[in-house]
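A closer look at the structure
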Amino acid sequence: MNPGRSFDDTPWTDPTCPVARTLDLVGDRWTLLIIRDAMDGARSFTDFQQRTGVARNILTDRLRRLVDRGVLERQTAASGRRQVYVLTESGRDLFTVIVAMRQWGERHTFARHEVHSVLVDKSGLPVAQLCPADSHGATVDMDTTTVVRNN
């Protein structure tokens, strides 16, 4: 890939910012919902369409982009009659991002006792709150970190 250019050969929003580059690749609503659903077992075009309610043309476009960008890959279903979509290692790496968005949403988009889904671990307990840490394991936040540019 050419540095400073995105996968579809359009300029990066901010070539030196990892957040901007990530948003350029996966930052729209439908794309993130497709990734969420792939993490929750959706595999076929029909699965994604039923779970998200997205229009067919938009879903086709987003799935194509996710495959082109290496987030999903197409595989032949066990039946051999259709294609399914599977997260790549790159796509699986977005799990922490999806969990962080989920946890933010739980804290800021629901009323105190409003019912919502909960992400649980293998033992059925809610997943612990994500918390960024420094190289020694101490909690960090925006007041204790700084962005520096590598040259």
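The structure we're discussing is the one just above.
Below, the structure is looked at part by part. Just so we're clear, the structure is a prediction, and the values are computed from it rather than from any experiment. (Residues numbered from 1 in each chain as written. Predicted model: local features only at pLDDT ≥ 70, side-chain atom pairs only at ≥ 80, totals over all residues. Heavy atoms only, no water.)

1. Thoughts on helix α1 (residues 18-26)
Given 3.6 residues per turn, any residue in an α-helix points the same way as the ones three and four places further on. When α1 is considered as a whole, its buried residues turn out to be Ala-20, Leu-25 and Val-26. Buried residues along α1 sit in contact with α2 (29-39) and α4 (56-68). (Buried < 20%, exposed > 50% of the residue type's maximum accessible area, 1.4 Å probe, protein only. Helix = DSSP H or I, 4+ residues; strand = E, 2+ residues; numbered from the N terminus. Contact = heavy atoms within 4.5 Å.)

2. Things to note about the pairing of strand β1 (residues 72-76)
The pairing of β1 with strand β2 (residues 83-87) spans 5 bridges and is classified as antiparallel. Across the sheet, Thr-76 pairs through a bridge with Gln-83, a residue of β2. Connecting β1 to the next strand, β2, in antiparallel fashion are 6 residues, including Gly-80 with a positive phi near 80 degrees. (Pairing = 2+ DSSP bridges.)

3. Describing the environment of Leu-130
Inspection of the secondary structure assignment puts Leu-130 in the segment after α6 (95-108). Among all residues touching Leu-130, those that are not within four sequence positions of it are Thr-96, Val-99, Ala-100 and Gln-103.

4. Some details on the pattern of salt bridges
The full count for this structure, using the stated rule, is 8 salt bridges. One salt bridge connects Asp-37 with Arg-36, and the closest N-O pair in it is separated by 2.8 Å. The exposure class assigned to Asp-37 is buried, which follows from its relative accessible area of 4%. Arg-51 is paired through a salt bridge with Asp-40; the nearest N and O atoms lie 3.8 Å apart. In this pair, Arg-51 is assigned in helix α3 (residues 45-52) and Asp-40 in the loop between α2 and α3, connecting sequence segments 11 residues apart. Look at Asp-40 and you get exposed, because its relative accessible area is 57%. Through salt bridges with shared partners, a single ionic network connects Asp-28, Asp-61, Arg-62, Arg-64, Arg-65 and Asp-68. (Salt bridge = Lys/Arg side-chain N within 4 Å of Asp/Glu carboxyl O.)

5. Regarding the nonpolar core
Among the nonpolar cores identified, the biggest contains 21 residues, and Val-26, Phe-48, Leu-63 and Leu-72 are the most heavily contacted of them. Contributions of two or more residues to this core are made by α1, α2, α3, α4 and β2. With sequence-adjacent residues up to four places away left out, Val-26 is seen in contact with Thr-31, Leu-32, Ile-35, Leu-66, Val-71 and Leu-94. (Core = buried A, V, L, I, M, F, W, Y, C linked by side-chain atoms within 4.5 Å.)

6. Describing the environment of Thr-60
The topology assignment puts Thr-60 in helix α4. Note on Thr-60: relative accessible area 44%, which makes it partly exposed. Placed 84 residues apart in sequence, Thr-60 and Thr-144 show a C-alpha to C-alpha distance of 42 Å.

7. Considerations on the layout of surface pockets
Which parts of space are left empty comes out when a probe the size of a water molecule is rolled across the atoms. By volume, the largest pocket is sized at about 660 Å³. Along its surface, the largest pocket is lined by 21 residues, and Arg-36, Ile-98, Met-101, Arg-102 and Ser-117 are the ones closest to its centre. Taken together, the elements giving at least two residues each to the lining of the largest pocket come down to α2 and α6. The leading source of residues in the lining of the largest pocket is α6, at 8 residues. Here the lining of the largest pocket is built from residues that sort into 11 nonpolar, 4 polar and 6 charged. Taken as a whole, the second largest pocket holds about 190 Å³ of empty space. As for the second largest pocket, its lining consists of Pro-18, Val-19, Thr-22, Leu-23, Val-26, Gly-27, Leu-32, Val-97 and Met-101. Looking at the lining of the second largest pocket, the elements with two or more residues in it are α1 and α6. Per-element accounting of the lining of the second largest pocket gives the leading share, 5 residues, to α1. Split by residue class, the lining of the second largest pocket holds 7 nonpolar, 2 polar and no charged. (1 Å grid on protein atoms, 1.4 Å probe; cavity = no way out; pocket = protein on both sides within 12 Å on 5 of 7 lines; lining within 4 Å. Points joined across faces, edges and corners; volume = space filled by probe spheres on them. Nonpolar A, V, L, I, M, F, W, Y, C, P; charged D, E, K, R; others polar.)

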